[in-house]
Structures are given as C-alpha cells and as structure tokens.
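Structural characterization, general
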Amino acid sequence: MDSEMQERAEYEGPLDLPDDYEPEEEDYGDPGPSLTDDILALLEDGKTYAEAEVAFQKSRAGFTANRLKGAIAIALGAFGVFHLALIAFTVGAVIALMPLLGPWGATAVVTILLIVFGVVLLRLLKGRIDDIRDAFSDGADE
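Reference entry: report on the structure contained in this document. (Residues numbered from 1 in each chain as written. Predicted model: local features only at pLDDT ≥ 70, side-chain atom pairs only at ≥ 80, totals over all residues. Heavy atoms only, no water.)

Regarding the overall build of the chain
To be explicit about the condition: What counts as a helix is a DSSP run of H or I of at least four residues, what counts as a strand is a run of E of at least two, and both are numbered from the N terminus. Burial here depends on accessible area, computed with a 1.4 Å probe over protein chains only, as a share of the maximum for the residue type. Under 20% is buried, over 50% is exposed, and the range in between is partly exposed. Only the protein chains shown count as cover for residues, with accessible areas throughout obtained via the Shrake-Rupley method and a probe of 1.4 Å.
Each helix and strand counted, the chain has two helices and zero strands in total. Each of the 142 residues in the chain was classed as buried or not, and the buried ones make up 4%. Put simply, the chain shows about 13300 Å² of open surface, and 66% of that area lies on carbon and sulfur atoms.

Structural data, given as structure tokens:
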C-alpha cells in the first residue's frame, strides 16, 4: 500500500485519467476582434446603410417626379375637357331659353346665374383661406 501512495504522491493530475493523457495547451494566440474593431465595423456598416438609404430615396424621388409629371398632364387635360363641357352647357342653356325669353333675355339669365354661382364659390374659397390663415396665425390678433 505504501508504494501505491508514493506513486500517487508523485503523480500530479486526476487519478481517473489514462496514463498517457496530456492536457491540451490553451491557445491564446487569436483572441478575436477587439472592441475597437467592432466599433469600426459598426461605423462602416452604418455608412453603407446610409449610402443605400440615400440611393433608395433618390430613386424613389425620381419615380415619384416622373409619375407626378404624368398626373399633372392628365389633370390639365381633364380640366380642359370639363371647361369645354361647361362652355357647351352654357351655350346650350342660352339656345334652349331663346324661344322663351328671346336671345338677350336668355343670355342675361344664364350670365346672372353663372355670376351668382361664381360669387358663391368665391365666398366658399374665402372661408377656406381664412381657416388656413387662422391656423398659421400666432394668436396675438385675438
């Protein structure tokens, strides 16, 4: 028993490992990226993201501007067609009223009705503009 105890005293390791066991050497050579490397990579990624976002917004603005030009052209065409339709309605109203009121009477009635309708629209417009003006006033006038 004493010889086993003496052998055990000389051995420096766990007793349940095989005799030819050698512990692996720990490799401290490559610790990985440092905090500075991570921050620089984060800044580079942020710069790349910002450049991509700017490019995306430029392409979206170009697309929108192209579509807006087409929409304005279509809106102006529609406005022109409606304007011609209103002129045709006015001329038709004068022609339809001529047998009842004569040419001058029919022209006077249609003109007066159009002026009244225009004045009503202008008053509605003034109300809207006053609402907008009130929304942007500083409140000192009240």
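Picking up where we left off.
Considering the pattern of salt bridges
Put simply, the rule is: What counts as a salt bridge is simple: a side-chain nitrogen of Lys or Arg found within 4 Å of a carboxyl oxygen of Asp or Glu.
Here the structure, examined in full by the defined rule, presents two salt bridges. Put simply, D130 and K126 hold a salt bridge, and the shortest N to O gap is 2.8 Å. Within this pair, D130 and its partner K126 are both found in helix α2 (residues 35-136), separated by four residues, close to a single helical turn. A salt bridge links D130 to R133; the shortest N-O distance between them is 3.1 Å. With a gap of three residues between them, D130 and R133 both fall in helix α2, about one helical turn apart. Judged by relative accessible area, which is 23%, D130 ranks as partly exposed. Salt bridges here are not isolated pairs; linked through shared partners, they connect K126, D130 and R133.

With respect to α2
So the rule is basically this: Here the expected length of a helix is defined as 1.5 Å per residue gap, with one fewer gap than residues. A residue's bend is the angle separating two fitted axes: one through the seven residues that end there, the other through the seven that start there.
For α2, built from 102 residues, the straight-helix expectation of 152 Å at 1.5 Å per residue is missed by more than 12%, its first-to-last C-alpha distance being only 51 Å. If you look at α2, its biggest bend is around 125 degrees, right at L101, and the proline P103 turns up within four residues after that. Buried residues of α2: A93, V94, G102, A106 and V110, and no others.

Details of a nonpolar patch on the surface
Test applied: Patch membership is restricted to residues that have no salt bridge and whose relative accessible area is over 30%. Joining uses 9 Å for like charges and 5 Å for the nonpolar side chains Val, Leu, Ile, Met, Phe, Trp and Tyr.
Residues I112, V116, F117, V120, L121 and L124 make up a contiguous nonpolar surface patch of roughly 580 Å² in combined accessible area. Mapping L124 onto the fold places it in helix α2.

Let's talk about the environment of A108
Secondary-structure assignment places A108 in helix α2. Considered as a pair, A108 and V94 are 14 residues apart in the sequence and their alpha carbons are 8.8 Å apart.

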